[in-house]
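# Structural overview
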Amino acid sequence: MPRIFVQLVIVTSLALSLLLTSIAPAEAMTVNFTWQGNQGYSATGTFNYDQKTAPAILSEKGVGTTQALESLTVSFADPSNHPIKTYNTINDGVSTGKYFQFNFNTMTQDIIGSIDVGGELPGDIYLKGKVDTDLSLIQISASGKENVIDSNLGTILVQSIRE
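This is a predicted model, so every value here is computed, not measured.

The rules behind the values
- Numbers given to residues run from 1 along each chain, matching the order in which its sequence is written.
- The predicted origin of the model limits local features to residues at a pLDDT of at least 70 and limits the giving and counting of side-chain atom pairs to 80 or more, whereas totals for whole chains, interfaces and linings rest on all residues.
- Side-chain metrics rest on all non-hydrogen atoms present in the structure, leaving aside hydrogens and water.
- Strands were regarded as paired on the criterion that DSSP finds at least two bridges between them.
- Elements are defined by DSSP. Helices are runs of H or I of four residues or more, strands are runs of E of two residues or more, and each kind is numbered from the N terminus.
- Whether a residue is buried, partly exposed or exposed follows from its accessible area with a 1.4 Å probe, protein chains only, as a fraction of its type maximum: under 20%, in between, or over 50%, in that order.
- We define a polar contact as two N or O atoms separated by no more than 3.5 Å, with the added condition that, inside protein, one atom must be a possible hydrogen donor and the other a possible acceptor, whereas residues neighbouring each other in sequence contribute only through side-chain atom pairs.
- As used here, the term nonpolar core means buried Ala, Val, Leu, Ile, Met, Phe, Trp, Tyr and Cys residues forming a set that is joined through side-chain atoms within 4.5 Å.
- Working rule for contacts: check all heavy atoms of both residues, and any pair within 4.5 Å makes them a contact.
- Classification of ring pairs uses Phe, Tyr and Trp, with its six-membered ring standing for Trp, and accepts pairs whose centres are within 6.5 Å; under 30 degrees between planes counts as stacked, over 60 as edge-to-face, and the remaining range as tilted.
- Confidence scores per residue from the predictor, reported as pLDDT, run from 0 to 100.

This part takes up the pairing of strand β5 (residues 69-77). Relative to β5, strand β2 (residues 42-50) runs antiparallel, the two being bridged by 8 bridges. Residue pairing for β5: Thr 44 is matched across the bridge by Ser 75. As paired strands, β5 and strand β6 (residues 83-91) are joined by 6 bridges and run antiparallel to one another. When the sheet's bridge partners are listed, Val 74 is paired in β6 with Tyr 87. In this structure, the hairpin formed by β5 and β6 is closed by a connection of 5 residues, where Asn 81 is found at a positive phi of approximately 65°.

As structure tokens, then:
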């Protein structure tokens, strides 16, 4: 009886060992992006996702649990490169932006389509538009009116870093 027990423990240990080694570890990808407006305003941002589980196209929108992004932060600066504001739109896979919109091609490592990142309240600023068409830096006045303070032809640069 003790011999059967020892054999059972060995077989179970081997099975668990094989199972644990077959589970692929997460492959975190950090992506930095920069935007430069024609008037000198700028945006810099960083986001993270797990490359092993992410779809070919990350498409995130609105408030709540994200499908693939773990974090997203964007900061804005004036033409003298003085910081204006930083927004942590996604923390631990949860978006706080009601109007938030973000699309990323994980195969080409490009931000694509429509984006809307940054603030949402009077006094806030955000970057909105369509990549390769028109991206505008918008400030919300105290009355809620949106004022374009800078724009470009949709150019946004991306740098990916595998961790």
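On we go.
Within the secondary structure layout, Asn 48 lies in strand β2. Exposure remark for Asn 48: the relative accessible area of 19% places this residue in the buried category. Side-chain polar atoms of Asn 48 contact the side chain of Ser 71, separated by 2.7 Å.

This part is about the nonpolar core. Counting 28 residues, the largest nonpolar core has Phe 47, Tyr 49, Leu 69, Phe 102, Ile 111, Leu 127 and Ile 156 as its most contacted members. Secondary-structure elements contributing two or more residues to this core are β1 (28-36), β2, β5, β6, β8 (101-105), β10 (114-118), β11 (125-130) and β12 (134-140). With sequence-adjacent residues up to four places away left out, Leu 127 is seen in contact with Trp 35, Ala 43, Phe 76, Ile 115, Asp 116, Val 117, Leu 135, Ser 136, Leu 137 and Ile 156.

Phi is positive for Asn 81, close to 65°, though the residue is something other than glycine. Counting through the fold element by element, Asn 81 comes out in the loop between β5 and β6. Accessibility expressed as a relative area gives 57% for Asn 81, which makes it exposed. Positive phi, normally seen in glycine, also occurs at Asp 92, with a value near 50°. For Asp 92, a relative accessible area of 72% gives the class exposed.

As summarised here, the arrangement of the 7 strands in space is β4-β7-β6-β5-β2-β1-β14, forming an open sheet in which the pairing is antiparallel. Each having just a single partner strand, β4 (64-65) and β14 (157-162) make up the two edges of the open sheet.

A word on the packing of aromatic side chains. Within this structure, the stated rule accounts for 8 aromatic pairs. Between Phe 76 and Tyr 87, the aromatic rings sit 6.1 Å apart at their centres with planes inclined by 65°, giving edge-to-face as the arrangement. Note that Phe 76 is positioned in strand β5 and Tyr 87 in strand β6, a separation of 11 residues in sequence. The class of Phe 76 is buried, set by a relative accessible area of 2%. Ring centres of Phe 100 and Phe 102 lie 6.5 Å apart, and the angle between their planes is 10°; this geometry places the pair in the stacked category.

Looking now at the confidence of the model for the protein. If pLDDT is low for a region, its predicted coordinates should not be looked at in detail. Taken as a whole, the protein shows an average pLDDT of 88; of its residues, 83% reach a score of 70 or greater. Contacts for the low-pLDDT stretch residues 11-22, under 50 throughout, to residues beyond four places or in other chains number 0 contacts.

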